[in-house]
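Single-letter residue listing:
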Amino acid sequence: MPDISRIREILSQFGPSSVLDVALIALAIFATLRLLSGTRAMTQLRGAIALVVAAVAFGRVFDLTVVNFVVDHSLTAILIGAAVVFQPEIRRALDRLGRTGMQGWGTRGQSDEVIDSLVQATRHMSAVRHGGLFVLERGTGLQDVIETGVPVDARVSPQLLTGIFYPNSPLHDMAVVLREERVVAAGCVLPPANDLPYSDRKLGTRHRAAIGITEHTDALTVVVSEETGDISIALAGRLTYIPNEDRLRDILRWLLQPTDAPFARGPNGRVPI
């Protein structure tokens with residue numbers, strides 16, 4: 001039978017500060033699980049928790065002195081190990097937190113001129129089978145990527161975009177980075193995708209790079225296949241085929257002009273990508 005007086009004593013110590021304490025810890029756990037949901041890190045986290053639970057259970061049941069000592073004094077090592085194993089997820093969380101804090105302050109969507117130029121350029125490149133890769137900077141700065149390429153700093157136009165990716169031109173093999181209404185740099189090197197699903201493992205280097213940069217940042221990439229002429233968009237590590245230029249224009253407006261979002265939503269109210 002539970003000790004009622006002991007329970008009352010514990011509850012009497014549970015004040016407003018304790019409620020805030022528990023709420024913050026619960027919020028941190030919820031945010032962590034949501035961030036890791038659907039990633040390899042979630043599987044790794046389940047494996048780590050299972051290992052710790054097994055060690056604690058065996059140590060207590062069989063009274064294993066060494067195991068119990070290691071478990072009782074391993075908190076620091078576990079925290080350091082978690083920081084190493086989950087480094088990409090931690091960086092992504094901090095990056096997302098920074099973008100959330102800056103939303104609405106000094107940022108703006110892309111203009112219709114930029115979107116129309118990109119749509120016209122990709123349409124022409126798709127028709128003549130010229131491959132291309134465009135990276136649109138959003139909340140996360142891409143200066144480290146820009147520094148790997150050749151500075152351009154020119155106003156966006158369909159002629160400029162198609163000219164850069166003309167076959168055998170010096171810059172056609174890499175990526176172009178767009179910031180607001182400017183082509184900032186061309187010939188930029190992008191990080192390849194870390195772990196592609198089985199259905200995407202036949203993708204070429206250009207598509208892997210298009211996915212890779214979106215795994216680490218909130219950038220949006222538009223890629224044109226040199227082999228098939230297909231146009232795709234990559235966002236948050238996911239590559240989506242775009243069937244026509246009208247769909248491409250709608251998706252770009254939805255993602256790059258958030259104030260105009262309602263017109264681009266589908267019948268179910270979801271993002272059209």
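Right above here is the structure, for reference.
In this text the structure is predicted, and so the values were computed from the model without any measurement.

Undergrad: I tried to follow the packing of helix α7 (residues 112-128) against helix α11 (residues 245-256) on my own but got confused; where do I start?
TA: For any two helices packed against each other, the geometry is given by the interaxial angle and the distance between the axes. One way to put it is that α7 packs onto α11 with a least axis distance of 10 Å and a crossing angle of 150 degrees. Like other packed secondary-structure pairs, α7 and α11 cross with a definite hand, here right-handed. Packed against α7, whose contacting residues are Asp112, Ile115, Asp116, Leu118, Val119, Thr122 and Arg123, the element α11 presents Glu245, Leu248, Arg249, Leu252, Arg253 and Leu256 at the interface. Looking at the contact of α7 with α11 residue by residue, the classes come out as 6 nonpolar, 1 polar and 6 charged.

Undergrad: What am I meant to see in unusual backbone geometry here?
TA: Glycine aside, residues mostly have negative phi angles, and peptide bonds mostly take the trans form. In the Ramachandran plot, Asp63 falls in the positive-phi region, its phi being about 50 degrees despite a non-glycine side chain. Position of Asp63 relative to the elements: it lies in the loop between α3 (40-61) and α4 (65-72). Classification of Asp63 as exposed rests on a relative accessible area of 59%. Located in the positive-phi region is Ala236, a residue other than glycine, with phi close to 55 degrees. Judged by its relative accessible area of 63%, Ala236 is exposed.

Undergrad: For this particular structure, what's the right way to read the side chain of His207?
TA: Here His207 is to be found in helix α10 (residues 205-216). Those residues in contact with His207 that lie beyond four places of it in its chain are Val223, Ser225 and Leu239.

Undergrad: Honestly, the sheet that holds strand β6 (residues 231-235) in this entry has me stumped. Any pointers?
TA: Within a beta sheet, neighbouring strands are joined by backbone hydrogen bonds and run either parallel or antiparallel to one another. Spatially, β2-β4-β3-β1-β5-β6-β7 is the arrangement adopted by the 7 strands of the open sheet, whose pairing is mixed. Either end of the sheet is taken by a strand with one partner, and the two such strands are β2 (150-155) and β7 (238-242). The mean inter-strand angle of the sheet, taken between neighbouring strand axes irrespective of direction, is 25 degrees. Bridge count for strand β1 (residues 132-136) against strand β3 (residues 175-179) is 3 bridges, and the pairing is parallel. Of the residues in β3, the one forming a bridge with Phe134 is Val176.

Definitions and limits used
Sequence positions are assigned chain by chain, starting from 1 and proceeding in written order. Note on the predicted model: pLDDT of at least 70 is required for a residue's local features to be given, and 80 or more for side-chain atom pairs to be given and counted; whole-chain, interface and lining totals, by contrast, use all residues. Water and hydrogen atoms play no part in the side-chain values, which are based on all heavy atoms of the structure. Lines fitted to C-alpha atoms define the axes here, with helix axes fitted over just the stretch in contact, and angles between the N-to-C directions of these axes take values from 0 to 180 degrees. Note on conventions: DSSP H or I runs of at least 4 residues are helices, E runs of at least 2 residues are strands, and numbering of each starts at the N terminus. Definitions for this section: a left-handed crossing has its near helix turned counterclockwise from the far helix by less than a right angle. A right-handed crossing has that turn clockwise. Pairs of residues are marked as contacts when any of their non-hydrogen atoms sit within 4.5 Å. Throughout this entry, Asp, Glu, Lys and Arg are counted as charged residues, while Ala, Val, Leu, Ile, Met, Phe, Trp, Tyr, Cys and Pro are counted as nonpolar. The remaining residues, Gly among them, count as polar. Partly exposed describes any residue whose relative accessible area lies between the buried limit of under 20% and the exposed limit of over 50%, with all areas from a 1.4 Å probe on protein chains only and scaled to the type maximum. Strands pair, by our definition, only if DSSP identifies at least two bridges between them.

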